[in-house]
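# Inside the fold
Letter by letter, the chains look like this.
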4 protein chains.
Amino acid sequence: MKITSNFDSGNIEIIEATDPTNIQLAIRKDNQSDFYQWFHFRLNSTHAQVHKIHIVNAGQSAYPDGWKEYHAVASYDRQTWFRVESEYDGKTLTITHYPEAESVYFAYFAPYSYERHQDLLHQAQNDYNCQLVELGETLDGRDMTMLVVGEPDESKKKVWIIARQHPGETMAEWYVEGLLDRLLDEDDGVARALLSKAVFYIVPNMNPDGSVRGHLRTNAAGVNLNREWQNPSMEKSPEVFLVRQKMLEVGLDMLLDVHGDENLPYNFVAGSEGVPSYNTKMQQLEEAFKAAMLLVTPEFQTEFGYKRDEPGKANLTVASNWVAEQFKCLAYTLEMPFKDNANLPDEAFGWSDVRSMKLGQDSLTAILAVVDDLR
Amino acid sequence: MKITSNFDSGNIEIIEATDPTNIQLAIRKDNQSDFYQWFHFRLNSTHAQVHKIHIVNAGQSAYPDGWKEYHAVASYDRQTWFRVESEYDGKTLTITHYPEAESVYFAYFAPYSYERHQDLLHQAQNDYNCQLVELGETLDGRDMTMLVVGEPDESKKKVWIIARQHPGETMAEWYVEGLLDRLLDEDDGVARALLSKAVFYIVPNMNPDGSVRGHLRTNAAGVNLNREWQNPSMEKSPEVFLVRQKMLEVGLDMLLDVHGDENLPYNFVAGSEGVPSYNTKMQQLEEAFKAAMLLVTPEFQTEFGYKRDEPGKANLTVASNWVAEQFKCLAYTLEMPFKDNANLPDEAFGWSDVRSMKLGQDSLTAILAVVDDLR
Amino acid sequence: MKITSNFDSGNIEIIEATDPTNIQLAIRKDNQSDFYQWFHFRLNSTHAQVHKIHIVNAGQSAYPDGWKEYHAVASYDRQTWFRVESEYDGKTLTITHYPEAESVYFAYFAPYSYERHQDLLHQAQNDYNCQLVELGETLDGRDMTMLVVGEPDESKKKVWIIARQHPGETMAEWYVEGLLDRLLDEDDGVARALLSKAVFYIVPNMNPDGSVRGHLRTNAAGVNLNREWQNPSMEKSPEVFLVRQKMLEVGLDMLLDVHGDENLPYNFVAGSEGVPSYNTKMQQLEEAFKAAMLLVTPEFQTEFGYKRDEPGKANLTVASNWVAEQFKCLAYTLEMPFKDNANLPDEAFGWSDVRSMKLGQDSLTAILAVVDDLR
Amino acid sequence: MKITSNFDSGNIEIIEATDPTNIQLAIRKDNQSDFYQWFHFRLNSTHAQVHKIHIVNAGQSAYPDGWKEYHAVASYDRQTWFRVESEYDGKTLTITHYPEAESVYFAYFAPYSYERHQDLLHQAQNDYNCQLVELGETLDGRDMTMLVVGEPDESKKKVWIIARQHPGETMAEWYVEGLLDRLLDEDDGVARALLSKAVFYIVPNMNPDGSVRGHLRTNAAGVNLNREWQNPSMEKSPEVFLVRQKMLEVGLDMLLDVHGDENLPYNFVAGSEGVPSYNTKMQQLEEAFKAAMLLVTPEFQTEFGYKRDEPGKANLTVASNWVAEQFKCLAYTLEMPFKDNANLPDEAFGWSDVRSMKLGQDSLTAILAVVDDLR
Ligand SMILES: [Ca+2]
Ligand SMILES: [Ca+2]
Ligand SMILES: [Ca+2]
Ligand SMILES: [Ca+2]
């Protein structure tokens, strides 16, 4: 029996792994940070029996409530990620599984590797309607890359999609993959209508270093990028610095910043009601977008979500707030669950890579519903 | 140079085919009927030059206005059907084309063969959630087949989808293929939500005989099935007789009857405002469905369509009217263009098989929007 | 419970089909002929029980020994054809099956439809290296079509592949599909080497009328095409007349005529040892081809096969003999089993469409082994 | 304009990259080693002009003759790797390319990433006939993994396939992917016949650390694994130590050790004629294997290759020699070109990932030709 994690986004520490019924593991902290919750490891075992895997430091992780009614994902073939029995006692997350193959990967959510990220970017750039734009470099020397979809034209709205500031929220990049697939589909009416009215600026992965390192929330220097939007620096948060700079150069009429939420078993959006410049127009756009999402997919809902900011009290270091205040526009943080969508539960797979992709596709319809009014 | 049509849904008569620049053809009438407009033939030629194909009896076809701003479809590989230059002078439709391969198929719209029809039925029945039901036999001895999707349960709504009463309207079966693909997709939220609330009764092809024979509007006996719903008979219109009988046996809470329209370059629905029992509830359901369709896809619109029936003046021999009157429910005829969608034109492909499939997929979202109120 | 066969290559007559445990059927004779053995029908049933299907005239069919140790094929989805329990008592073939879906197709071998035939031709012609050539028309008015693969050049050998003179031998067209796929694969070394040395003239279906009609051995007029090569006529055997004429016009350095054999559970070839002009060169080519096939695939063998013709006693009305005599060249009839390959049995699928395709692919390697010596 | 290499198997140093027509780069040495030749980098540029990329230390690389008539590979989408104009003047390799997209990857040969490696292993283990076996860990802590295909049984021969001891020889892992695909294909006669007679022990990547690091020839410690077979150690060469130990435990009747050769534009094998125990039986097996390969594919040849070892003078630190001597069996080093196969040149792609896969598939036929005589 052996547990390893020396691969893209691997994260685990082995405390003891000799007795299959009592495997003791711990999640590593993000580098230079106290955040941790993302895990990703491979179990190789020939024991034809139940394996009990205890993640003993679950209780002190960034979001302990995230483990309640949470079920880890596992895969034999690295394509299909299914849910496995998992229980949380307030301290330890215990995964119970009888492996049907010699090697099993376990993760917090279906991983999205840096290889797949590069595939996504380069298969997209091959489309005549899509351009790859290099923005600069991360602290670990990886590329910060943006895709521009549509023929730029001043009359068109500028829609920005950014994802995975928090690298452990891999659903965010699956979401972008779905959205992008549809946007480049020349037979799709929504995509064609949208591209006659808007240009898309898409950053599929805001935090490649954290992604490869197996971080939950921070970049290589342990910085939470979604608290850096007021004063990013090339030293601490080049990822935000570079994208923000491009936003200011290009302009922006709408932002979706795509995330995953550890606690809530729902898809939802968080708006910018708390920014100083919030106004009726912004509110109407928010309402219209939500109404469209509600109609387009039962995966979306508006009942559960974050507590609304009080007027003027928004945290302007957060991407969507900073953007809303800066550009006086529609700016949403979009959240997907690590758990399941409690409104449409699927015991076998929970919220998944595939469902995230579909939500990305569906979001285009909601963007089309508001695009004419964005400016 | 040679022109042939002895294959599934083939329809053409050769008047003269010796000079590539002056090929003279005529469309055959439906058997025992005066209707004609569907054509489907194959041109084999080695002449490296422009071919001019004149369909000389276009002017007396069922819908002469259908040829205005219409462009025929063609294919080299029988998978991709593109539009070719076509002009109508009030009498003759002239197709001008420089073939890039030895053999080219031309058709009124992307064909949907009886082989593909059987594939559709049998790949669907393999899904655990879908059952194939045999209803009986056509005049030519073909099978009238229905698919039932979802676990029957009295509390669930009964949604019927029927298509291609008029066999030349092949987009109707492409639409059903798209709708069915999505309905059987276990990762799709709309499909999962729908199947928790409704059972689908789907007849992908109401007129297999006319389809194989290359008819425009009628069955093997030259009968227009969409005028048979009040008094169908096993002698003249077994297709309607059998399906109507099953509707009465099973029950029905909503109907979509899927068609293609020769004249209008738009997707639209025609409701049952003219049936005696029409009421506010039916009207509200119609409005809700249309509103959802409008939001879900820019391929749909409500500005252009058929003249509305006056109250009580609906033709009850038509499927959607007969159903609305019989079941006091939402019943729509859904129409797609043979031409293009003028709101979102695509010169290269026009309205197409692929776009029809997507409209079928999108329709599920609109059904979900009304499903709770159907009964 | 219902049995139907009104579809491409359908063939059955219903004697009685009321009791699932005692279904009585008969195979129809080929039109204007006494040959019969091909069957293809669809059973629709909701009885959750074993079905016993008796083909009561099996004993008088063309090849009664063909039913010994034969197992019928069946399919729920028309893609996967598996073997079902079948027993032959000298008179009746009894198929015993417990259907796992509402509708099941049964056939003598995996069908190859006219729609798929047209797809094969037209997807091939899209390749820059392949040309579709129309030869003329069958008695039912279908197209006799040939594919030419490779750039014609007098120095290159001319390799002819013809298949399915006997339309019920569908494995012959599956074989051609496999061979063609590989021949058009630009990354395949065997294909690239071959096309630098030879041009291929391929007739994937020598008998489209018989194929659509559900015949075993003959064309629309009940003529066995493989006895027509000395004196074909446009009246009785235009299929042979047209292809033979093209052979005489183009030339020929090698022929494979692809067939299925009802009795022998093996793949094998039959040569032209009995033609008057048979010589050492022809013999050496035959030996070299067989040796290569033996090495390339364990699906091929030389132990079992037809009795060898005595010198000068070959039937010159048979394609491979007529060709060998006419062109003094390598000419083989290649036979595949309807049963299984007894050297490599697969209980679940027997000899199959997929294995036929692979044998077609493998044959190219054997052709390459002899190509330099063909002329 | 920007050049980066911080990704799987990336290897380049930037000397100067400001003027597109004069980009100066150098290849990094393998860690703790002087070997270098593998390169892999990404060029991002918006200059619509020819780019000239000089690899200035090509002349001192491990195999300077490897650059003669060599053409680098490039890709826009990371799937299709095409050849680009490259010239070597004895010192510098100059790549001249006009990019058709914003971002282009360049490499010494089509890369095979560690992600794909893990996909290969885990998709294979899902097959009922394949088992994944963990052997231990590399110096960088990666998994040394073996696949066992076939039901172990003492009567069966034990065929070992190992690949990519030299990590820059990525064609070796492409070869294994092809071989494995075929071996697990249940419809393939060669695979089925082989698995009734042999069990396969396959190590797709002998050097994962070197692969990820972008090395040419060595592991993380700069050790050339193919010189370690007499005295491997867990400290310097755990990769060899672990595999060798398993060979001794399991047994071995045949070995293919798969490589790429920098200089020779041919596929060939190097045998064990120089090992002390070399005998007639081994020679006959070698001859039979080569004869089969020659017949199976024109991609293989025996005219060009390495100088044969003199009797008893073989280097027993090399895998195939050590194995031949240890197990008195057939053991071949199989070499594929980095350049092209000069016998069947393809200017656009050269020797490629796809052709390597096909050679792997074809090799199974040659193994079948000798399998009965292996022991
Ligand atoms: Ca592009
Ligand atoms: Ca079913
Ligand atoms: Ca062509
Ligand atoms: Ca397995």
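Here's a quick rundown of the structure. One numbering rule holds for all chains: residues counted from 1, following each sequence as written. Think of it this way: whatever chain is written first is A, whatever ligand is written first is 1, and the rest follow in order. Residues qualify for local features only when their pLDDT is at least 70, as the model is predicted, and side-chain atom pairs are given and counted only at 80 or more; totals for whole chains, interfaces and linings, by contrast, use all residues. Calculation of side-chain values draws on the structure's entire complement of heavy atoms; hydrogens and water are dropped beforehand.

## A few points about the coordination of the calcium ion (ligand 1)
All names here are of chain A. Donor criterion used throughout: N, O or S atom within 2.8 Å of the metal, extended to 3.2 Å for Na, K and Ca. Water excluded; incomplete-looking sites may result. Taken together, Gln125 (O), Asp127 (O) and Cys130 (O) make up the full set of protein donors to the calcium ion (ligand 1), lying 2.2 to 2.5 Å away. Mapped onto the polypeptide sequence, the residues donating to the calcium ion (ligand 1) form the spacing pattern Q-x1-D-x2-C. In this structure, Asp127 and Cys130 share a single accessibility class: buried. Type-normalised accessible area, obtained with a 1.4 Å probe on protein chains alone, sets the label of each residue: buried when under 20%, exposed when over 50%, and partly exposed for intermediate values.

## Regarding the sheet that holds strand E12 (residues 143–149) of chain C
Residue and element names in this part refer to chain C. Read across the open sheet, the seven strands follow the order E11-E12-E14-E13-E15-E17-E16; overall the sheet is mixed. In the strand order of this sheet, the two ends are held by strand E11 (130–137) and strand E16 (268–270), each with one partner. Strand-to-strand, the axes of this sheet are offset by a mean angle of 25°, without reference to chain direction. Two strands make a pair as long as DSSP finds a minimum of two bridges between them. Helix and strand assignments come from DSSP, with helices taken as H or I runs of at least 4 residues and strands as E runs of at least 2, each series counted from the N terminus. Two elements, strand E13 (residues 157–163) and strand E14 (residues 198–203), share six bridges in a ladder whose sense is parallel. Looking at E14, one finds that Lys157 is bridged to Ala198. The strands touched by helix H2 (residues 171–183) within the sheet are E12, E13, E14, strand E15 (254–261) and strand E17 (330–337), with E15 carrying the most contacts at an inclination of about 140°. Between the N-to-C directions of two axes lies an angle of 0 to 180 degrees, each axis being a line fitted to C-alpha atoms and, for a helix, fitted only over the stretch in contact. Residue contacts are defined here by distance: any two heavy atoms, one from each residue, within 4.5 Å place the two residues in contact.

## Concerning the interface of chain A and chain D
Taken residue by residue, the interface counts 35 residues in chain A and 35 residues in chain D. Buried area is calculated as the accessible area (1.4 Å probe) missing from two parts once they are joined, with the contributions of both summed. Interface area, chain A with chain D, both sides summed: about 3200 Å², of which 37% is carbon and sulfur. A pair is scored as a salt bridge if a Lys or Arg side-chain nitrogen falls within 4 Å of a carboxyl oxygen belonging to Asp or Glu. Summed over the shared surface of chain A and chain D, the number is twelve salt bridges. Among the ionic pairs, Lys2(A) bridges to Glu137(D), the shortest N-O distance being 2.8 Å. Distance and chemistry together define a polar contact, namely a pair of N or O atoms within 3.5 Å, with one atom able to donate a hydrogen and the other to accept it when in protein, and with adjacent residues in sequence counting only for side-chain atoms on both sides. Taken together, the links from chain A to chain D amount to 30 residue pairs in polar contact (both at pLDDT 80 or more). Mapped onto the side of chain A that touches chain D, the elements with two or more residues apiece are strand E1 (2–4), strand E4 (40–44), strand E10 (103–107), helix H1 (114–125), strand E11 (130–137) and strand E12 (143–149) of chain A. Per element, the largest residue contribution to the side of chain A that touches chain D is seven residues, and it comes from H1(A). For the side of chain A that touches chain D, a count of residues per class yields seven nonpolar, 15 polar and 13 charged. Charged means Asp, Glu, Lys or Arg here, nonpolar means Ala, Val, Leu, Ile, Met, Phe, Trp, Tyr, Cys or Pro, and polar covers whatever is left, Gly included.

## Examining the relation of the copies chain A and chain D
The transform that puts chain A on chain D rotates by 180° and translates by 0.0 Å along the axis, for an RMSD of 0.0 Å. Taken together, the rotation and translation describe the operation of a two-fold axis. Among all C-alpha atoms of chain A, that of Glu115(A) lies closest to the rotation axis, at 3.5 Å. The overlap is high: 100% of the interface residues of chain A also sit at the interface in chain D, so the same surface is used on both sides. Superposing the copies works by least squares over the C-alpha atoms of residues that have pLDDT at least 70 in both of them.

## Observations regarding the pattern of salt bridges
Working definition: two side chains of opposite charge can pair if their charged atoms are close together. This structure, assessed with the given rule, holds 104 salt bridges over all chains. Residues Arg42(A) and Glu134(D) are paired through a salt bridge, measuring 2.7 Å at the closest nitrogen-oxygen approach. Of this pair, Arg42(A) sits in strand E4 while Glu134(D) sits in strand E11 (residues 130–137), which puts the two residues in different chains. Taking relative accessible area as the criterion, Arg42(A) reaches 3% and is therefore assigned buried.

## With respect to helix H1 (residues 114–125) of chain D
With twelve residues, H1(D) should reach 16 Å at 1.5 Å per residue; the first-to-last C-alpha distance of 17 Å fits that figure. The buried count for H1(D) comes to nine of twelve residues, which makes it a mostly enclosed element. The span you would expect from a helix comes to 1.5 Å times its residue count less one.

## A word on the interface of chain A and chain B
At the junction of the two partners, chain A supplies 21 residues and chain B supplies 21 residues. Of the roughly 1800 Å² buried at the junction of chain A and chain B (both faces included), carbon and sulfur atoms supply 58%. Together, Asp187(A), Arg192(A) and Leu295(A) form the three largest contributors to the area buried by chain A at its contact with chain B, with a combined 32%. The tally of links from chain A across to chain B stands at four salt bridges. Summed over the shared surface of chain A and chain B, the number is six residue pairs in polar contact (both at pLDDT 80 or more). Sorting the residues of the side of chain A that touches chain B by element identifies helix H3 (189–195), helix H6 (280–296) and helix H8 (353–370) of chain A as the ones contributing at least two each. Top contributing element to the side of chain A that touches chain B by residue count: H8(A), with five residues. Looking at the side of chain A that touches chain B residue by residue, the classes come out as ten nonpolar, three polar and eight charged.

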